[in-house]
Amino acid sequence: MARDGLLFHVLARVNSQQNPVIATLVSGAVSALLAVLFDLKVLVNVMSIGTLLAYSLVAVSILLLRYQPDPSSPASIEKTTVSRMAWTDLLIHPDIIPSHHSSRLVACTVFILVLFICAVCMLISTKLPCLTSGTLWCVICLCSNLLGILLASLVIWRQPQSQKKVDFKVPCLPFLPIFSIFVNIFLMAQLSYETWVLFSIWLLIGFLIYFGYGICHSTEKKNKDSSLEKPTHLTNSTDSNVTF
């Protein structure tokens, strides 16, 4: 990450044997400090919630990428530039290949789906006695959110998937990634309030480092800036030749 510019560049330095000595010392010192300040069980829970969040993001990324149109396909370009389909048309008569409209519909539906899943997991985790006693409003809230998850899953299932040939594809789309998201969020909801507070602080520190340093010094940004400067140099050289 330091080599890519997302972390401080000094952490990317290696010795003559190609060992990242500075990064090893810094990460070891931070780990030792956290072990001294916090209980080991709390640190394990924070590590668990971070891992579950990463797995959930992977599952969401699978849903988004599988329904993205192929930029090199002329049919998808034609659909994006010419056709202006309504979302109802995408549900009733979906295309064979993904388009810009179908991928945007999937992205919005995935966002709503995650909200429904979070609501169900919070209800099960915090209102379990209310549900087991059969309280009407708890049962209605649970059933309505479960119905929303089912409808969102069917909307995503109706959309065309990418036909791009790859070595491996996740089977049973979109239901397997959706089930993975549900299980991960459910396990995250079982963790204690203290774990969530520490995880939020850790995320805040990560966001500060990324938006304060990484996003400005990343190699991806430098490559984009250099690619934008090349056409300008070509235009200037062409203008000078014409003037000459």
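Every residue gets a number counted from 1 within its own chain, in the order that chain's sequence is written. For this predicted model, a pLDDT threshold of at least 70 governs which residues receive local features, and a threshold of 80 or more governs which side-chain atom pairs are given and counted, while totals over whole chains, interfaces and linings are taken from all residues. Values shown for side chains rest on all heavy atoms present in the structure; no hydrogens or waters enter the calculation.

Here we take up the state of the cysteines. When two cysteine sulfur atoms are found within 2.5 Å, that pair is recorded as a disulfide. Scanning the entire structure with this criterion turns up one disulfide. A sulfur-sulfur separation of 1.9 Å characterises the disulfide bridge that pairs cysteine 130 with cysteine 138. On the S-S bond that ties cysteine 130 to cysteine 138, the torsion sits near 100°, and the link is right-handed. Comparing cysteine 130 with cysteine 138 shows no difference in burial state: the two are buried. Free cysteine cysteine 121: the closest other cysteine sulfur is in cysteine 118, separated by 6.7 Å. Classification of residues uses two cut-offs on accessible area relative to the type maximum, computed with a 1.4 Å probe and protein chains only: under 20% is buried, over 50% is exposed, and between them is partly exposed.

UniProt positions are given in the numbering used here, feature names are shortened, and annotations may be inferred rather than shown by experiment. UniProt's feature table lists "transmembrane region" (unreviewed entry) at residues 21-38, 44-65, 105-128, 134-156, 168-189 and 195-216, given in the numbering used throughout. As annotated, residues 21-38 has a helix share of 94% and a strand share of 0%, and its two end C-alpha atoms lie 26 Å apart. Helix and strand assignments come from DSSP, with helices taken as H or I runs of at least 4 residues and strands as E runs of at least 2, each series counted from the N terminus. Helix makes up 68% of residues 168-189 and strand makes up 0%, while its end C-alpha atoms are separated by 31 Å.

What follows covers the environment of isoleucine 49. If you trace the backbone, isoleucine 49 turns up in helix H2 (residues 40-66). With relative accessibility at 0%, the residue isoleucine 49 sits in the buried group. Considering only alpha carbons, one finds isoleucine 49 and threonine 195, 146 residues apart in sequence, at a separation of 8.1 Å. Excluding its chain neighbours within four sequence positions, the residues that come into contact with isoleucine 49 are Met188, Leu191, Thr195, Trp196 and Phe199. In this description, contact between two residues means that some pair of their heavy atoms is separated by no more than 4.5 Å.

A cis amide bond, omega 0°, links leucine 173 with the succeeding residue proline 174. With respect to the element layout, proline 174 can be found in the loop between helix H7 (136-158) and helix H8 (175-189).

Empty space left among the atoms is revealed by rolling a probe the size of a water molecule over them. Throughout, the protein atoms alone are placed on a 1 Å grid, and a set of points is a cavity if a 1.4 Å probe fits but cannot get out or a pocket if it is open with protein on both sides within 12 Å along at least five of seven lines; lining residues have an atom within 4 Å of a point. Grid points are joined across faces, edges and corners, and a volume is the space filled by probe spheres set on the points. When its volume is computed, the largest pocket comes out at roughly 970 Å³. In this structure, the largest pocket is lined by 24 residues; those nearest its centre are Val30, Trp202, Ile205, Gly206 and Ile209. Of all the secondary structure elements, the ones that give two or more residues to the lining of the largest pocket are helix H1 (21-37), H2 and helix H9 (193-217). Ranked by the residues each element gives to the lining of the largest pocket, the list is headed by H9, at nine residues. When residues are grouped by polarity, Ala, Val, Leu, Ile, Met, Phe, Trp, Tyr, Cys and Pro land in nonpolar, Asp, Glu, Lys and Arg in charged, and all others, Gly among them, in polar. Of the residues that constitute the lining of the largest pocket, the class distribution is 21 nonpolar, three polar and no charged. In this document the domain limits rely on a domain assignment from an automatic tool or a database. Looking at the lining of the largest pocket, you find at least three residues from each of domain 1 (1-37) and domain 2 (41-72 + 96-218).

Our focus in this paragraph is the nonpolar core. The definition of a nonpolar core used throughout is a set of buried Ala, Val, Leu, Ile, Met, Phe, Trp, Tyr and Cys residues joined through side-chain atoms within 4.5 Å. Counting residues in each nonpolar core, the largest one holds 23 residues, and the members touching the most others are Val110, Leu113, Ile117, Ile156 and Ile181. Listing elements by their share of this core, those giving two or more residues are H2, helix H5 (100-126), helix H6 (128-132), H7 and H8. The element best represented in this core is H5, accounting for seven residues. Non-local contacts of isoleucine 117, meaning those with residues more than four positions away in its chain, are made with Ile149, Ile178, Ile181, Phe182 and Ile185. Val46, Leu52, Met188 and Phe199 belong to the second-largest nonpolar core, a separate cluster that totals seven residues.

Where H2 contacts H8, the axes come no closer than 9 Å and their chain directions differ by 160°. One way to sum up the angle between H2 and H8 is to call them roughly antiparallel. In this structure, H2 crosses over H8, and the sense of that crossing is left-handed. Counting all contacts with H2, which are made through Ile49, Leu52, Leu53, Tyr55, Ser56, Ala59, Val60, Ile62 and Leu63, the residues of H8 involved are Pro177, Ile178, Ser180, Ile181, Asn184, Ile185, Leu187 and Met188. Among the residues making up the contact of H2 with H8, the classes are represented as 14 nonpolar, three polar and no charged. Here the axes come from fitting lines to C-alpha atoms, over the contacting stretch only for helices, and the angles between their N-to-C directions go from 0 to 180 degrees. Reported orientations rely on four angle classes, namely roughly parallel under 35 degrees, roughly antiparallel over 145, roughly perpendicular from 65 to 115, and oblique for the rest. Note: crossing handedness is left-handed where the near helix turns anticlockwise from the far helix by less than a right angle, and right-handed where it turns clockwise.

Of all residues in the protein, 83% attain a pLDDT of 70 or more, and the chain-wide mean is 83. pLDDT measures the predictor's confidence residue by residue and takes values from 0 up to 100. Within the protein, helix H3 (residues 74-81) has the poorest average pLDDT of any element, 47, and H8 the best, 95.

The topology assignment puts serine 61 in helix H2. Assessed through its relative accessible area of 35%, serine 61 is described here as partly exposed. Expressed as a C-alpha distance, the spacing of serine 61 and alanine 107, which sit 46 residues apart in the sequence, is 9.9 Å.

Take the packing of aromatic side chains next. Each pair of aromatic rings is reported with the distance of its centres and the angle of its planes. In summary, the pairing rule links any two rings of Phe, Tyr or Trp, Trp by its six-membered ring, whose centres are within 6.5 Å, and it sorts them by plane angle into stacked for under 30 degrees, edge-to-face for over 60 and tilted for everything else. Within this structure, the stated rule accounts for four aromatic pairs. When the ring of phenylalanine 8 is compared with that of tyrosine 213, the centres are 4.8 Å apart and the planes differ by 45°; the resulting orientation is tilted. Residue phenylalanine 8 is found in the segment before H1, and its partner tyrosine 213 is found in helix H9; the two are separated by 205 residues along the sequence. Here the aromatic rings of tryptophan 196 and phenylalanine 199 are separated by 6.5 Å at their centres, their planes lie at 85°, and the arrangement is edge-to-face.

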